[in-house]
Structure formats: structure tokens, C-alpha cells
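Structural overview
The lines below spell out each chain.
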Number of protein chains: 2
Amino acid sequence: MITVSILGSGNVATHLIDAFSKTTNVKITQIYSRNLEGAQQFKNKANIINDLQDLMPVDVVIIAISDDEISKFSHKINSKSLVVHTSGSISMNDLNGNLNKGVFYPLQTFSREKNIDFKTIPICLEADSKDSLTKLHKLASAISNEVYIIDSNQRKKLHLAAVFVNNFTNHLYEIGNSICEEYSVPFEILHPLIKETANKIKKISPNKAQTGPAKRNDNKTIAKHLAQLSKSKQEIYSVLTKSIKNTFN
Amino acid sequence: MITVSILGSGNVATHLIDAFSKTTNVKITQIYSRNLEGAQQFKNKANIINDLQDLMPVDVVIIAISDDEISKFSHKINSKSLVVHTSGSISMNDLNGNLNKGVFYPLQTFSREKNIDFKTIPICLEADSKDSLTKLHKLASAISNEVYIIDSNQRKKLHLAAVFVNNFTNHLYEIGNSICEEYSVPFEILHPLIKETANKIKKISPNKAQTGPAKRNDNKTIAKHLAQLSKSKQEIYSVLTKSIKNTFN
């Protein structure tokens, strides 16, 4: 049995608590939340605390809070347990130097509104000792089939790449949606295209999958498109078109 | 039995020929290709021609060639059959005025390298008479479960929206891929995130699904990201970040 405590009650914390609760070989010992009320939903899953002095020794303590609070927060922890954070953009060494440190980064987009199968979520691990890494690997494997060892520098790049393929891509979906809404076209018509665009790159590289007027250098169509767009959307269209042209021409 | 002839032997033509061949109620009568050699792969599926004078009467003639050649090409056709094109960006009335006209636009990204289930591909129809529209609806329903009536103006907007959610999104995947390659991180780690980003918007709107530093107005992370990017990628990052900020702040 692996014992863990989760510090945080936000999005990532909630999904981790849910995933660990479903395993047979991981036990959640404690859940820390600044305000006890926010964590009441978890009261059947673990002991709820709001004072870090009450932390009990466990195999792994997981800090799952906002990126910019992790470092400061970790300095309030006094524990001999292995302490990890779950952030893509924070270095392992930003954690309190007195701790046994590591990173347990699930690379996925979490919404409270949408459940997700943790088994398919890549978990990127890092630790300051081989023993700790082995421990984390065991823990990650309990909830996911995709476990990777990734150092802080690689993880930073991965997080940056994720902003492009997730945050920015989602914003392009929103622009597509707004163009449809403006002309009373159901956005649903675009769903199969969105799905296929995402599926395609598992079989062929994004470079090979590229199509469209920018790739074809079809300036006539590009001009027609620009004429239909608001100024802010024109800017996005132009920058991406230029970048695609530079890639292919 | 519905009879069709396909004019063209490119990507869209190939996928249509393939889809129609699998039905029991559509018969491909002729396939036109400028050079006969290019169409030899279809010789078991229909009569191959390279002279438009040889066109036989059928229910629907489908022009599946490059957007910018459609109008001129249609003026070489002398037929009483219903003649449609398959383009998202070309108006129905760009077709030869002497023809019975329509549009048969499958909204999907086609690659020769990747097969696709036509049943899930939305087909957007338009016609200059009710009879023709009924005929097209029957034809489209033979290969797809997603048939929509969309006029030329709506189709133009749909095509524009498709550039954002397909062409531009794929380019963001390519940027993600290149960031990974640069630091020897396997791009595969991002596949589940890409898939979930695409799936999510079927359940919640892109607006609700948005996450990331731009939405949070997290300028510290944004600055860290920009510092890691080449100039051309910085430009894309900045424009999209600005647009997300404007949407939410």
C-alpha cells in the first residue's frame, strides 16, 4: 500500500483524489485545504486538515495548488516524507531545499465539468533521488498507463508546447465558434473536422497533415478570408498564415 | 439507383469515389481526369474519360477539382444533368449559368495517407431548385449521416471557421512538435492532451473550456514562455495571448 496526502482542493487535486480513491493500492491519508469548507466534499475519502503542522508521515505528499504559490507554500512544510508538486512550469528545485523533492506532473487539461480517464493521462516524473523516483513511478503507475521520466528543463518545454496545442488551439475553436454563431451556422458541423484534425497527427506528422490556403500559397483565398474578418481576428489569421507560409515556401 | 460522375482524381475525388463505391444505391458512371494515367487506379470502378464531350447523362455530376479552376472548368461542361462542386469557398453561382447547379461540400480534411469513415463527415448541400436539393440529399445520405442545407454565404463562413479549427490548429500542433523535438521530448506525450482538447468542446463550449496563463492573466508565466521562444513563435504566442486576454479580461 502506498500512502499519499494531497495538499489542495482545486481542479488537479480533485481529479487526483478521485483517481487515487479508485485504486486498490493507494491510500489517501490526509487532504489539506486552506478553508475546511472547500474540502468537505472529500470528507469520506480522507482526513481533512487545514494546518500543515498536522501533516502525518506518508510515502508521498502532493502539492496541488496554483503555480505561483508552490514555492512559498513548500517552505511551510516540515516533513521527512517525499514532497512533490504537480506543475508543468515550476522547477523541482523551487521546492523547499530541506525536503525530499520531486515532481508529479499529469499532462492534461482538467475541467471540473468533465470527467476523464486517468489511465490515458501521461504523468511526468522527476525526483532528487533514485529511491524517490522509484516510489513516484509506483504511485503514477497505479493510476496511469503513461508514465515518463522528464527533467525540469524538458518539462518546461513540454508545458510551453502544451500551451500551443491546448490553450491556443482551444482559442481557435472559440474563434471558429464565434464565426459560426455570427452567421447562424451550427458549430456542431465543425466537430468531426476538429476531431479528425486531432486524430490525424497520431498517424502522420503535423507537417505532413498541413493543408489549406496558406500552405498552397493561395493568396486569392487568403485575401477573401481576411476581408470577412474583424481586425483582431485578421491579426491572428495573418500571423498564422505567415508562419505556415514560412514553413512550406 | 442514383447515378453520378466524378470530374477530378485528386484527394476529395478519391475519397468520394471510395465512399460511393461502397454503397448499394449509388453507381459511379464516369470518372473524368485530365490525364488518363492519373485515373487508372479507378478503372475497375467506372468508365474513365478525359474529354468532357464524352459525359453521359447522370443524376449528379460532381466537380472535385481545385477551387480556383472550378468556375472556368464548369463553362466547358454542356450537360442537362445537375452539376455540383465540392468547394467550401466557391459560390454556387460561380458555376456556369447554363447548368442545373448545386454544391456538395464534405466538410473534412482529407489526406491520401489516412482513411476516414465517411458516415461521420458533414455534407453541406445547396441547389438552385427544390428537386435538385432533394436529389442531392438522397445522394449525400447514401454516404453520410450528417447532411446539412447551407447557403453559399453560410458555407463561406463555415469554410473560414474551418481554416481556424483545422489549418491553424494543425500548425499549432506543428509548433508543439518542434518545441518537443528541440529538447528531445517525445511529442507522443502531448497526444492525449490534444485529443482531450478536441473532445472537450463537444461537452462544454470552447469559452468554458479555456484554461492557461493568458486566461488567468498570469503575466509572470507568459514572460517566462516568451523568453523561451524564437521570434516567429513569440509573435504567434503574443497575438493569441492578447486575443485570449481580450476575451476574458
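Parameters at a glance
- Residues numbered from 1 in each chain as written.
- Chains lettered and ligands numbered in written order.
- Predicted model: local features only at pLDDT ≥ 70, side-chain atom pairs only at ≥ 80, totals over all residues.
- Heavy atoms only, no water.
- Least-squares fit on C-alpha atoms with pLDDT ≥ 70 in both.
- Contact = heavy atoms within 4.5 Å.
- Pairing = 2+ DSSP bridges.
- Helix = DSSP H or I, 4+ residues; strand = E, 2+ residues; numbered from the N terminus.
- Axes fitted to C-alpha atoms, helices over the stretch in contact; angles between N-to-C directions.
- Buried < 20%, exposed > 50% of the residue type's maximum accessible area, 1.4 Å probe, protein only.
- Right-handed = clockwise from strand over helix to strand, strands pointing away.
- Disulfide = S-S within 2.5 Å.
- Buried area = accessible area lost by both parts, 1.4 Å probe.
- Salt bridge = Lys/Arg side-chain N within 4 Å of Asp/Glu carboxyl O.
- Polar contact = N/O pair within 3.5 Å; in protein donor to acceptor, adjacent residues only side chain to side chain.
- Nonpolar A, V, L, I, M, F, W, Y, C, P; charged D, E, K, R; others polar.

Right, let's get into the relation of the copies chain B and chain A. Superposing chain B onto chain A requires a rotation of 180° together with a translation of 0.0 Å along the rotation axis, leaving an RMSD of 0.0 Å. Both copies are brought into coincidence by an operation consistent with a two-fold rotation axis. Of the C-alpha atoms belonging to chain B, the one lying closest to the rotation axis is found on T169(B), 2.7 Å away. Interface overlap between copies: 100% of the residues of chain B at the interface are likewise at the interface in chain A, consistent with a symmetric, same-surface contact.

Residue and element names in this part refer to chain A. As summarised here, the arrangement of the eight strands in space is β3-β2-β1-β4-β5-β6-β7-β8, forming an open sheet in which the pairing is mixed. Edge strands, defined here as strands with exactly one partner in the open sheet, are β3 (47–49) and β8 (147–149). Taken pair by pair, the neighbouring strands of this sheet meet at an average axis angle of 25°, ignoring direction. For strand β6 (residues 100–106) and strand β7 (residues 123–127), the ladder comprises five bridges, and the chain directions are antiparallel. In the strand pairing of β7, Y105 is matched with C124. Contacts from helix α3 (residues 130–143) reach β1 (2–7), β2 (26–32), β4 (60–63), β5 (82–85), β6, β7 and β8, with the element oriented near 165° to β7.

All names here are of chain B. In terms of residue burial, strand β7 (residues 123–127) counts as a mostly covered element, since five of its five residues are buried. Residues I123, L125 and A127 of β7 are buried on one face, and the alternating residues C124 and E126, pointing to the opposite face, are buried as well. The sheet contact formed by β7 and strand β8 (residues 147–149) spans three bridges and is parallel. Across the sheet, L125 pairs through a bridge with I149, a residue of β8. Taken together, β7, helix α3 (residues 130–143) and β8 constitute a β-α-β crossover, and its handedness is right-handed.

Let us look at the state of the cysteines. Tallied over the full model, the rule gives zero disulfides over all chains. With no disulfide of its own, C124(A) has C180(B) as its nearest cysteine by sulfur position, at a separation of 9.9 Å.

Let's shift gears to the interface of chain B and chain A. In this complex, chain B contributes 86 residues to the contact, which on the side of chain A involves 86 residues. For the pairing of chain B and chain A, the buried interface totals around 8,700 Å² over both sides, and the portion due to carbon and sulfur atoms is 68%. Where chain B touches chain A, the interface holds two salt bridges. In this structure, E235(B) and K242(A) form a salt bridge, with 3.0 Å as the shortest nitrogen-oxygen distance. Remark: the boundary between chain B and chain A carries 32 residue pairs in polar contact (both at pLDDT 80 or more). Those elements that provide at least two residues to the side of chain B that touches chain A are α4 (152–182), α5 (191–203), α6 (206–209), α8 (219–227) and α9 (231–248) of chain B. Residues of the side of chain B that touches chain A, tallied by class, amount to 43 nonpolar, 29 polar and 14 charged.

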